[in-house]
Amino acid sequence: MENSIATLTGCSIGFFINLNMAEASAPAVPSTELLEWPKKDKRRILHAVYRVGDLDRTIKFYTECFGMKVLRKRDIPEEKYSNAFLGFGPEESQFVVELTYNYGVDKYDIGTGFGHFAIATPDVYKLVEEIKVKGGTVTREPGPVKGGSSVIAFVKDPDGYLFEILQRESTPEPLCQVMLRVGDLERSIKFYEKALGMQVVKKVDRPEQKYSIAMMGYAPEHETVVLELTYNYGVTEYTKGNAYAQVAISTDDVYKSAEVVNLAIQELGGKITRQPGPIPGLNTKITSFLDPDGWKTVLVDNQDFLKELESAK
């Protein structure tokens, strides 16, 4: 039933990945060059993958209510799934969402760990009113955040995924956040810095509301998409459900990047779920892993990804 779990990078993988593969062997003494690699690598968060119960319904909601565009769509009947990529700009330069529909599955468990996606807009009030007119569900009316001046709202899509609507005068990346809850914020920060070369672009502690957040990314939060890692005081574990899958990130060298990830895993926890190498039948090189909280990331070869997009046109 879950054949499309293998659509890790927007590619069709016709079999389940063996999650028990032997982990890559890290060098006995990590070289300075290897540890510095993520900072030199050309990386970008490409897309987030998650499952929906009715692909056409979700496409209609995202295009009519959010103003997204369908960038590509395909049906793989032999694997019993369909997927679609949607966003506000081309995949070659902007973060997008990959929606996956598994034949006959109309509902998924989002779990307690996944938080929300975020969309930036010049006028939150106007966008929310348009969403209401089109039948969208608003779970938080537009207004300033508690204790601050930033204007936000929250909207729920047909499958129950939350979208935070953020007020920004302008942004090159309207689809701008993926929020995930973690059990140890400092550990997660170290992991994403070391394994993926991300930087903390913003950090906030709200003791009165008993949570802390760290925005992790490759550029300032107003310029690109970021991962918003949230720690709720005293909560160390969350359920993952089976709805949200992973994010994909580009790299110039899947093999070298996997070595660095393995070093971070040895120190901070996590697990390699797919050794680096080409996908059979497609030749796009990828590797995948879980962070210390079990959130999955897929690293995708930059040039292979661009070739994949070109062949899809």
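Residues numbered from 1 in each chain as written. Predicted model: local features only at pLDDT ≥ 70, side-chain atom pairs only at ≥ 80, totals over all residues. Heavy atoms only, no water.

Per an unreviewed UniProt entry, the chain goes by the name Lactoylglutathione lyase and belongs to Anisodus acutangulus. Per UniProt, the comment on the chain under Catalytic activity (unreviewed entry) is "(R)-S-lactoylglutathione = methylglyoxal + glutathione". Listed under Sequence similarities (unreviewed entry) in UniProt, the entry text for the chain is "Belongs to the glyoxalase I family." (UniProt positions renumbered as here; feature names shortened; annotations may be inferred.)

Caption draft 1: Looking closely at the pairing of strand β13 (residues 244-251). Within β13, 8 of the 8 residues are buried, which leaves it mostly tucked inside the rest of the structure. The pairing of β13 with strand β16 (residues 296-301) spans 6 bridges and is classified as parallel. When the sheet's bridge partners are listed, V247 is paired in β16 with T297. (Buried < 20%, exposed > 50% of the residue type's maximum accessible area, 1.4 Å probe, protein only. Helix = DSSP H or I, 4+ residues; strand = E, 2+ residues; numbered from the N terminus. Pairing = 2+ DSSP bridges.)

Caption draft 2: Main features of the nonpolar core. Of all hydrophobic cores here, the largest spans 61 residues; its most connected members are Y50, Y62, F66 and F163. When sequence neighbours within four positions are dropped, the list of residues in contact with Y62 reads Y50, G67, M68, L86, V97, L99, D157 and F163. (Core = buried A, V, L, I, M, F, W, Y, C linked by side-chain atoms within 4.5 Å. Contact = heavy atoms within 4.5 Å.)

Caption draft 3: Broad picture of the pattern of salt bridges. Per the stated rule, a full pass over the model turns up 14 salt bridges. We note a salt bridge from E267 to K194, for which the minimum N-O separation is 2.5 Å. Of this pair, E267 sits in helix α5 (residues 254-268) while K194 sits in helix α4 (residues 185-196); the two residues are 73 residues apart in sequence, bridging distant segments of the chain. Here E267 falls in the partly exposed class, since its relative accessible area comes to 48%. (Salt bridge = Lys/Arg side-chain N within 4 Å of Asp/Glu carboxyl O.)

Caption draft 4: Region of interest: the UniProt feature "binding site: Zn(2+)" (unreviewed entry) in the chain. Listed under "binding site: Zn(2+)" (unreviewed entry) in the UniProt record, and renumbered for this structure, are E98, H116 and E164. Cross-referencing the annotated residues with the lining of the largest pocket gives H116 and E164. Looking at where E98 falls in the secondary structure, it is placed in strand β4 (residues 96-102). For E98, a relative accessible area of 0% gives the class buried. Counting through the fold element by element, H116 comes out in strand β5 (residues 114-121). Leave out the neighbours within four places in its chain, and H116 touches F154, L162, F163, E164, Q177, V178, M179 and E228. Here E164 takes part through its side chain, which lies 3.1 Å from a polar atom of the side chain of H116. (1 Å grid on protein atoms, 1.4 Å probe; cavity = no way out; pocket = protein on both sides within 12 Å on 5 of 7 lines; lining within 4 Å. Polar contact = N/O pair within 3.5 Å; in protein donor to acceptor, adjacent residues only side chain to side chain.)

Caption draft 5: Representation of the UniProt feature "domain: VOC" (unreviewed entry) in the chain within the structure. Residues annotated by UniProt as "domain: VOC" (unreviewed entry) correspond here to residues 44-168 and 174-302. Between the C-alpha atoms that bound residues 44-168 there is a distance of 22 Å. The span itself is 18% helix and 46% strand. With 22% helix and 44% strand, residues 174-302 has its two end C-alpha atoms placed 22 Å apart.

Caption draft 6: Here's a closer look at the sheet that holds strand β9 (residues 175-181). If you trace the 8 strands from one edge of the open sheet to the other, you get β6-β7-β8-β5-β9-β12-β11-β10, paired in mixed fashion. The sheet is open, and its two edges are formed by β6 (137-144) and β10 (199-206), each paired on a single side. The sheet shows a mean angle of 20° between the axes of neighbouring strands, taken without regard to direction. Seen against the sheet, α4 touches β10, β11 (211-217) and β12 (226-232) and runs at an angle of roughly 5° to β11. (Axes fitted to C-alpha atoms, helices over the stretch in contact; angles between N-to-C directions.)

Caption draft 7: Spatial organisation of the sheet that holds strand β2 (residues 69-76). The 8 strands are arranged β2-β3-β4-β1-β13-β16-β15-β14 in an open sheet whose pairing can be described as mixed. In this open sheet, the two strands that pair with only one neighbour each are β2 and β14 (271-278). Ignoring which end each strand starts from, the neighbouring axes of this sheet average 20° apart. Against the sheet, α5 contacts β13, β14, β15 (285-290) and β16, and its axis sits at roughly 170° relative to β14.

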